[in-house]
Amino acid sequence: MTDLTLTSGTPASLFAFGTMQFGDAADEAESRAMYDACRAAGITHFDTAVGYTDGASERILGMLAAEDRDAIYVATKIGYDGGGTTESLQAQFDQSRRQNGLDYVDLLYLHRFQGATPLETQFALLRDWQKAGLIRHIGVSNYAAWQVMKAQAICKDLGTRIDAIQPMYNLVKRQAEVEILPMAADQGIAVLPYSPLGGGLLTGKYSRPDASGRVVENAMYAKRYSPDWMRETAAGLARLAEEVGTSPATLAVAWVAAHPTGPIPIISARNVAQLKPSLDAIEFPMTPELRDRISALSITPPPATDRLEEA
């Protein structure tokens with residue numbers, strides 16, 4: 001397994017914080033408050049992207065991280081658009097560096113698979129930045145398992161490797177269990193799942209008719225979490241959380257973290273109060289029995305071979 005470490009060699013935290021809300025739903029003061037709450041809870045790994053909030057996310061995170069750079073693990077992403085061309089990736093990385101103001105980033109992801117440009121071209125560029133000390137680890141986000149393996153073979157020929165993958169994974173989005181999580185475990189690739197709360201669905205807040213948030217305000221999230229069974233799963237999680245005396249958000253994040261392959265969930269929030277239940281998941285005593293009960297609330301995807309009798 002790739003060890004995601006600080007420059008001192010100390011392992012990065014087993015939870016990460018995603019700063020997509022920095023500079024948007026969270027102004028600079030609220031962003032700092034959440035950053036400080038994460039640091040107090042032991043989180044050292046912070047995630048952003050070149051395009052988040054028109055660059056404000058990278059700018060605010062870079063400013064905060066610079067105050068104690070050697071104790072912070074900074075991950076960012078490029079390549080969501082632009083086709084993966086050398087010119088596009090170089091321009092986005094240059095923009096990212098201007099925005100975050102840091103001498104290097106610990107982990108640089110390609111934000112999604114771009115097949116129009118040869119992968120050899122894309123990962124040779126990342127290898128060169130790695131050799132120059134501008135990035136420490138290489139990652140991919142939103143890649144299928146076969147795409148990771150294809151890229152990993154290319155990276156091996158280039159003298160480097162893919163160290164991390166960032167897939168969507170939560171109680172109502174479990175496709176990663178089929179091939180991504182087993183593949184990553186086999187290849188020693190760190191897994192950092194995003195959206196452990198299912199866009200807020202698994203907090204239980206959308207059971208209220210006056211609820212606001214991405215699942216009702218954003219067309220992409222509304223479509224992603226539209227099936228009725230997902231709402232039923234969220235309702236079941238809320239009932240179970242009440243039974244055990246915690247928040248459904250705490251259960252949802254702790255469930256992700258307790259997967260046998262040891263993923264590192266990326267939590268996020270708009271403010272400190274909203275963040276607290278996710279931070280509580282760090283110390284939550286998730287037992288195998290409770291995790292099984294939570295898993296039973298949702299639909300388990302069939303194995304990659306679809307041979308249910310062998311599952």
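Residues numbered from 1 in each chain as written. Predicted model: local features only at pLDDT ≥ 70, side-chain atom pairs only at ≥ 80, totals over all residues. Heavy atoms only, no water.

K.L.:
Would you take a moment to explain the sheet that holds strand 1 (residues 16-18) for this structure?
P.N.:
The parallel open sheet is built from 8 strands, whose spatial order is 7-6-5-4-3-2-1-8. With one partner strand each, in any of the chains shown, strand 7 (190-191) and strand 8 (266-267) form the two edges of the open sheet. Pairing between strand 6 (residues 164-166) and strand 7: 2 bridges, direction parallel. Bridge pairing links Ile165 to Val191 in strand 7. (Pairing = 2+ DSSP bridges. Helix = DSSP H or I, 4+ residues; strand = E, 2+ residues; numbered from the N terminus.)

K.L.:
Looking at this structure, how should I read the layout of surface pockets?
P.N.:
One simple way to see leftover space: roll a probe sized like a water molecule over the atoms. Within this model, the second largest pocket holds a volume of roughly 320 Å³. The wall of the second largest pocket is formed by 18 residues, among which Met168, Lys173, Arg174, Gln175 and Ala176 lie closest to the centre. Partitioned by chemical class, the residues of the lining of the second largest pocket number 13 nonpolar, 1 polar and 4 charged. (1 Å grid on protein atoms, 1.4 Å probe; cavity = no way out; pocket = protein on both sides within 12 Å on 5 of 7 lines; lining within 4 Å. Points joined across faces, edges and corners; volume = space filled by probe spheres on them. Nonpolar A, V, L, I, M, F, W, Y, C, P; charged D, E, K, R; others polar.)

K.L.:
I would appreciate a short explanation of the pattern of salt bridges in the present structure.
P.N.:
Oppositely charged side chains can pair when the atoms bearing their charge come close. Applying the stated rule across the entire model yields 13 salt bridges. Between Lys77 and Asp47 there is a salt bridge, and its shortest N-O distance comes to 2.6 Å. With Lys77 in strand 3 (residues 73-78) and Asp47 in strand 2 (residues 45-47), this residue pair connects regions lying 30 residues apart in the sequence. For Lys77, a relative accessible area of 0% corresponds to the buried category. A salt bridge links Asp106 to Arg69, with the shortest nitrogen-to-oxygen separation between them at 3.0 Å. In this pair, Asp106 sits in strand 4 (residues 105-110) while Arg69 sits in the loop between helix 2 (56-66) and strand 3, placing the two residues 37 residues apart along the sequence. (Salt bridge = Lys/Arg side-chain N within 4 Å of Asp/Glu carboxyl O. Buried < 20%, exposed > 50% of the residue type's maximum accessible area, 1.4 Å probe, protein only.)

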